[in-house]
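Observations on chain architecture
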Amino acid sequence: MGFYNDVVLPRLCHMAMRNRHLAPYRRRVLSGAQGEVLEIGIGSGLNLPFYGPHVRGIHGLEPSLQLVRIARRAAEHSARPVALIEGSAEAIPFDDKSLDTIVTTWTLCSIPHADRALAEMRRVLKPGGQLLFVEHGLGPDATVAEWQRRLTPFWSKVSGGCHLDRPIQGLIAQAGFDCTHLETGYMKGPTPMTYMYEGRAVPK
């Protein structure tokens, strides 16, 4: 699985995340970013064109070296300074209370210990800072949720650890955040994979 995970999977992720139906989510969520931003799981840099003028700088944290290499090319065309860091969200390499905005887009599903990563995000946010997110996760319909639980063991093996059944709102709340804005609903596509959580949260 080394070649698949290290070479094939990053390129598949890059292609899959270019889905045009994801652009409106990116545009809405990233319009609220400001100050010094840390994007968790920056991937191949597909969010970079959507950051607005209130952003001073973007720090992109990504565990996949192959995706960091692709993101470097995207960063060359960014209107704002971009620093890319190969690393894990479970050990964010920033000081306490040092960042204004943290962004996660379709990332919490694949972090092995999402609770630890969210605790790290809360640690590095300044007082008054914000977490902006759009994630897919556990659906409210019993039939969909059952299929998500059935599919996740196989799906996570072929998709870089992606879990279809994570209760995103609950995870964010348990990590010590208050959701000040939240919208949920199904995006176009297979229902086990397309229940979206989109919003903003602040540290309690």
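A quick note: this is a predicted structure, and the numbers were derived from the prediction, not measured.

1. Here we look at the overall build of the protein
Along its length, the protein carries six helices and seven strands. Reading the protein from its N end, one meets helices and strands in the order α-α-β-β-α-β-β-α-β-α-α-β-β. Against the globule reference of 17 Å for 204 residues, the protein gives a C-alpha radius of gyration of 16 Å, in line with a compact fold. For the protein, the residues scored as buried account for 49% of the 204 residues in total. Looking at the protein as shown, the accessible area adds up to about 10,000 Å², and 55% of this sits on carbon and sulfur atoms. Separation of charge centres in the protein, based on 23 positive and 19 negative side chains, amounts to 5 Å.

2. A few points about helix 5 (residues 142–158)
Taking 1.5 Å of rise per residue, the 17 residues of helix 5 would be expected to cover 24 Å, and the 25 Å separating its terminal C-alpha atoms lies within 8% of that figure. The largest bend along helix 5 measures about 50° and falls at threonine 152, with the proline proline 153 one to four residues further on. When helix 5 is considered as a whole, its buried residues turn out to be Val144, Ala145, Gln148, Thr152 and Ser156. Of the surrounding secondary structure, the elements contacted by the buried residues of helix 5 are strand 6 (177–186). Glycine 160 sits one or two positions beyond helix 5 and adopts a positive phi of about 75°.

3. Some words on the sheet that holds strand 3 (residues 82–86)
Spatially, 3-2-1-4-5-7-6 is the arrangement adopted by the seven strands of the open sheet, whose pairing is mixed. This sheet does not close on itself; its edge strands, each paired only once, are strand 3 and strand 6. When strand polarity is set aside, the average angle formed by the axes of neighbouring strands in this sheet is 15°. On the sheet, helix 3 (residues 65–75) packs against strand 2 (55–62) and strand 3 and is oriented at approximately 175° with respect to strand 3.

4. Points about the pairing of strand 3
By the bridge criterion, five bridges tie strand 2 to strand 3 in an arrangement that is parallel. Residue pairing in the sheet places glutamate 62 in a bridge with glutamate 86 of strand 3. Of the crossover connections in this fold, the one passing from strand 2 over helix 3 to the parallel strand 3 is right-handed.

5. Describing the packing of aromatic side chains
Evaluated as defined, the whole model comprises three aromatic pairs. Ring geometry for tyrosine 195 against tyrosine 197: centres 5.4 Å apart, planes inclined by 85°, an arrangement best described as edge-to-face. Taken individually, tyrosine 195 and tyrosine 197 each receive the classification buried, so the pair is uniform in this respect. Taken together through their ring pairs, the aromatic side chains of Tyr186, Tyr195 and Tyr197 make up a single cluster. Positioned over the ring face of tyrosine 25 is arginine 28, at 4.9 Å from the centre of the ring. Its end group placed over the ring of tryptophan 147, arginine 150 keeps NZ or CZ at 5.2 Å from the ring centre.

Rules behind the numbers
Residues numbered from 1 in each chain as written. Predicted model: local features only at pLDDT ≥ 70, side-chain atom pairs only at ≥ 80, totals over all residues. Heavy atoms only, no water. Helix = DSSP H or I, 4+ residues; strand = E, 2+ residues; numbered from the N terminus. Rg over C-alpha atoms; globule rule 2.2 N^0.38 Å. Buried < 20%, exposed > 50% of the residue type's maximum accessible area, 1.4 Å probe, protein only. Areas by Shrake-Rupley, 256 points an atom, 1.4 Å probe, with all protein chains shown as cover. Lys, Arg positive; Asp, Glu negative; His and termini not counted. Charge placed at Lys NZ, Arg CZ, Asp CG, Glu CD. Expected span 1.5 Å × (residues − 1). Bend = angle between axes of the 7 residues up to and from the residue. Contact = heavy atoms within 4.5 Å. Pairing = 2+ DSSP bridges. Axes fitted to C-alpha atoms, helices over the stretch in contact; angles between N-to-C directions. Right-handed = clockwise from strand over helix to strand, strands pointing away. Phe/Tyr/Trp six-rings, centres within 6.5 Å; stacked < 30°, edge-to-face > 60°. Lys NZ or Arg CZ within 6 Å of the ring centre and 35° of its normal.

The values reported here are purely geometric and, on their own, carry no functional implication.
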